[in-house]
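Understanding the architecture of this molecule
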Amino acid sequence: MSNALPPFSAKLLSSRPLGGGMRELCLEVPDEFCRASRPGMFVHLKVPDAPQHLLRRPISIMDLEPEDNLLVLGVQPKGEGTRLICSMQEGGCIEMLGPLGNGFSLNGAKTVWAIGGGVGAAPMLYACREFSKSARVTASLGFRTRDMIFSERDFHESAFRLVIATDDGTAGFHGNALAALSSHPLPDLIIACGPTPMLKAVQEFALGHNLHCQLSLEQRMGCGYGACLTCSCRTMSRDGEEHYARVCADGPVFDAGKVVL
Amino acid sequence: MKLSVNLCGVELKNPIIPASGTFGFGREFSRYYDISRLGAVATKGITPLPRLGNPPARITETPSGILNAVGLQNPGVDAFIEEELPWLIQQGATVIANVSGNSMDEYAELAEALDSTDIALLEVNVSCPNIHAGGCVFGSDPETIRDVAKAVRAATRKPVLVKLSPNVADITEAAKAAEEGGADGISLINTLTGMAIDLKTRRPVLANVTGGLSGPAVRPVALRMCYQAAQAVSIPVVGMGGIMTGEDAAAFLLAGCTAVQVGTANLSDPMACIRILEELEHYCSQNGIADVNELIGGLIVE
């Protein structure tokens, strides 16, 4: 079994607001982190200076610039823990575990749809940048409204094509991120991250069209490295037997044909 | 410095043991450190047959605590013996097999199945708050605890620890019942039954509705119960409940515990047990303690 990178302290180099109340945090990470990191993986952050918050907060990797040892995270302040993470001062340090989990795999696909919903769009940036090296990636990102859109320019730069959708029609396609792609030719692979109803729609679409599809899931998480068995999701084996898999260690990316949403 | 302790006739390198349910079968932690450095490893709770566990959500954070309801997801005793135990032994771990049954027969069956294996001790969970037998927690009354201890005692030559629930009227009665039933030692506390509500959805946060509370939030209760239990019985006590540092561990030893288990801390930090071991060693050396056994039961009550 390979050795895991022990928890380490990462310096916050910059922090700025993104759309929708999210914050972009740029952190300095070691070479080993960059070498192990893949799109779809996540980091597990200790809430700074708050020992009463026992559990770490899982945040997907939004982007990575290995040549500068730079990790970019998009964090949505939801509870007190993520609020404290978002209010960190530049120059401060945060204890981090990762990169954790299994990421997306291209498996030789030449055309990819990268579908992201809300905060779930964040890991799609890293996927677009990496997978665009050998595939044509169409990013389709869905948001509630115009103000929630983030990192549009970065997506423009990293994806072959960018489609924006909003639920209220205030920007881009009026509707969801999957419907926004209805006139596009079908890809070799779909990858998706976002709210469960969106993932369900993507799963149904992909299975109906016999397309390879990988979904990134979210669940309330404990350790983050597979020991505590709390971040479960239902999976179906080939013989139709149901199991609980660990989102942290068996996922967070699952084959759409195996996971029960 | 001497860190080794003798627990029910088993020599442990040191008194630090990861608690059942927070350490899997050790594989995930072996990617972070050599698990043979630990005093012993208490395995994930094992049942006669594989168990799927509860639906998610299974965990939530509470102030200085964690509420969980995993529901004993495990591969069953046969898979444990065939796949997990040989690996643990190969790593050089001293193995405490934690077992859970739904009836006296199941407890006896588990003890028998493990009797001829290389486990060092058996830890009998009479108190998992997240599965129910006949609508009530199985091990909440002294008579049942005594009967389970007896059934297991008769089925194995291995030393038997009975793991007690704090969700009882009088912890000393539960401790005495385990001793009377023939337990070689007791371990406590399992989690305190608790609950959390999502105010947005007006639903319980955990799918199981209730869950087990652990972490520093329960530590003073755990310490008090370990102290009282150690006073009430003459068999060794293994203490646990929110131990996050070496000094926390030292407090449980002073209260009368022969060894301690570290649970929730493993979920915050994969290195927790090793850090706590090093901190305990540091505490001893700073305080002129040459043998960790000096701490056990060393509490002074004026």
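Each value, and the rule that gives it
- Residues numbered from 1 in each chain as written.
- Chains lettered and ligands numbered in written order.
- Predicted model: local features only at pLDDT ≥ 70, side-chain atom pairs only at ≥ 80, totals over all residues.
- Helix = DSSP H or I, 4+ residues; strand = E, 2+ residues; numbered from the N terminus.
- Rg over C-alpha atoms; globule rule 2.2 N^0.38 Å.
- Buried ≥ 20, exposed ≤ 12 C-beta atoms within 10 Å, placed from the backbone.
- Contact = placed C-beta atoms within 7 Å.
- Pairing = 2+ DSSP bridges.
- Nonpolar A, V, L, I, M, F, W, Y, C, P; charged D, E, K, R; others polar.
- Expected span 1.5 Å × (residues − 1).
- Domains from an automatic or database assignment.
- Core = buried A, V, L, I, M, F, W, Y, C linked by C-beta atoms within 7 Å.
- Axes fitted to C-alpha atoms, helices over the stretch in contact; angles between N-to-C directions.
- pLDDT = per-residue confidence, 0-100.
- Parallel < 35°, antiparallel > 145°, perpendicular 65-115°, else oblique.
- Left-handed = near helix turned anticlockwise from the far one by under 90°.

Points about the overall build of chain A
- Within chain A, the secondary structure is distributed over five helices and 16 strands.
- What you see for chain A is a C-alpha radius of gyration of 18 Å, in line with the 18 Å of a compact globule of 261 residues.
- For chain A, the spread of C-alpha atoms along the three principal axes comes to 50 × 45 × 35 Å.
- Here chain A, with 261 residues, has 52% of them falling under the buried criterion.
- Expressed as a percentage of contacts within chain A between residues at least 6 apart in sequence, the contacts between residues at least 24 apart total 63%.

Notes on the pairing of strand β2 (residues 23–28) of chain A
Residue and element names in this part refer to chain A.
- Across six bridges, strand β1 (residues 8–17) lies against β2 in antiparallel orientation. When the sheet's bridge partners are listed, serine 15 is paired in β2 with leucine 25.
- Counting the residues between successive antiparallel strands, the hairpin from β1 to β2 contains five residues, one of them, glycine 20, with a positive phi of roughly 65°.
- Of the pairings in the sheet, the one linking β2 to strand β5 (residues 70–75) comprises six bridges and is antiparallel in character. Directly across from cysteine 26, in β5, lies its bridge partner valine 72.

Description of the interface of chain A and chain B
- Across the contact, 25 residues belong to chain A and 31 residues belong to chain B.
- Of all the secondary-structure elements, those providing two or more residues to the side of chain A that touches chain B are β13 (232–236) and β14 (242–246) of chain A.
- Per-class residue counts for the side of chain A that touches chain B are 13 nonpolar, 10 polar and two charged.

Observations regarding the sheet that holds strand β12 (residues 212–216) of chain A
Residues and elements named next belong to chain A.
- Reading across the sheet, the seven strands line up as β10-β9-β8-β7-β11-β12-β15 and stay open at both edges, with mixed pairing between neighbours. Edge positions in the sheet fall to β10 (173–174) and β15 (253–255), since each has one partner strand and no second.
- One ladder, built from three bridges, connects β12 with β15; its direction is antiparallel. For glutamine 214, the partnering residue across the bridge sits in β15 and is aspartate 255.

What to know about helix α6 (residues 219–232) of chain B
- With 14 residues, α6 of chain B ought to run about 20 Å at 1.5 Å a step, and its terminal C-alpha atoms sit 20 Å apart, in line with that.
- Where α6 of chain B is concerned, the buried positions are Arg219, Ala222, Leu223, Met225, Cys226, Tyr227, Ala229 and Ala230 of chain B.

A short note on the domain arrangement of chain A
All names here are of chain A.
- Split by domain assignment, chain A resolves into domain 1 (8–100) and domain 2 (111–216).
- One C-alpha centre belongs to domain 1, the other to domain 2; they are set 23 Å apart.
- No other element matches strand β4 (residues 57–65), which puts five residues into the side of domain 1 that touches domain 2.
- For the side of domain 1 that touches domain 2, a count of residues per class yields six nonpolar, six polar and one charged.

A few points about the nonpolar core
- Counting 189 residues, the largest nonpolar core has Cys226 and Val260 of chain B as its most contacted members.
- Mapped onto the domain boundaries, this core takes at least three residues apiece from domain 1 (8–100) and domain 2 (111–216) of chain A.

Regarding the sheet that holds strand β6 (residues 65–68) of chain B
Residue and element names in this part refer to chain B.
- Taken together, the four strands give an open sheet; going across it, the order is β5-β6-β14-β11, and neighbouring strands pair in antiparallel fashion. The open sheet has two free edges, formed respectively by β5 (59–62) and β11 (192–195), since each of these has just one partner strand. Pairs of neighbouring strands in the sheet enclose a mean axial angle of 40°, with direction left out of account.
- Of the strand pairs in this sheet, β5 and β6 are connected by four bridges, and their pairing is antiparallel.

Observations regarding the confidence of the model for chain B
- Residues with a pLDDT of 70 or more make up 96% of chain B, whose mean pLDDT is 95.
- The ipTM, which scores confidence in the relative placement of chains, is 0.92 for this predicted complex, and the corresponding pTM is 0.95.

Some thoughts on unusual backbone geometry
- Proline 99 of chain A follows glycine 98 of chain A through a cis peptide bond whose omega is 0°.
- By the element assignment, proline 99 of chain A lies in strand β6 (residues 93–100).
- Between glycine 251 of chain A and proline 252 of chain A the backbone carries a cis peptide bond, its omega angle lying at 5°.
- Looking at the secondary structure, you find proline 252 of chain A in the loop between β14 and β15.
- Unlike most non-glycine residues, leucine 72 of chain B shows phi in positive territory, near 60°.
- One non-glycine residue with positive phi stands out, namely arginine 202 of chain B, at about 60°.

Side note on helix α7 (residues 246–254) of chain B
Residues and elements named next belong to chain B.
- Along α7, the residues that are buried comprise Asp248, Ala249, Ala250, Ala251, Phe252 and Leu253.
- Structurally, α7 contributes buried residues whose contacts are with β3 (16–18), α6, β15 (237–240), β16 (259–262) and α9 (272–286).
- Just downstream of α7 lies glycine 256, where phi reads positive at about 120°.

Some words on the packing of α7 of chain B against α9 of chain B
Residues and elements named next belong to chain B.
- Two elements in contact, α7 and α9, have axes whose closest approach is 7 Å; the angle formed by their N-to-C orientations is 70°. It follows from the interaxial angle that α7 and α9 lie roughly perpendicular. Where α7 crosses over α9, the two elements pack in a sense that is right-handed. Contact residues: Gly246, Glu247, Ala249 and Ala250 in α7; Ile276, Glu279, Leu280, His282 and Tyr283 in α9.
- Taken together, the residues of the contact of α7 with α9 break down into five nonpolar, two polar and two charged.

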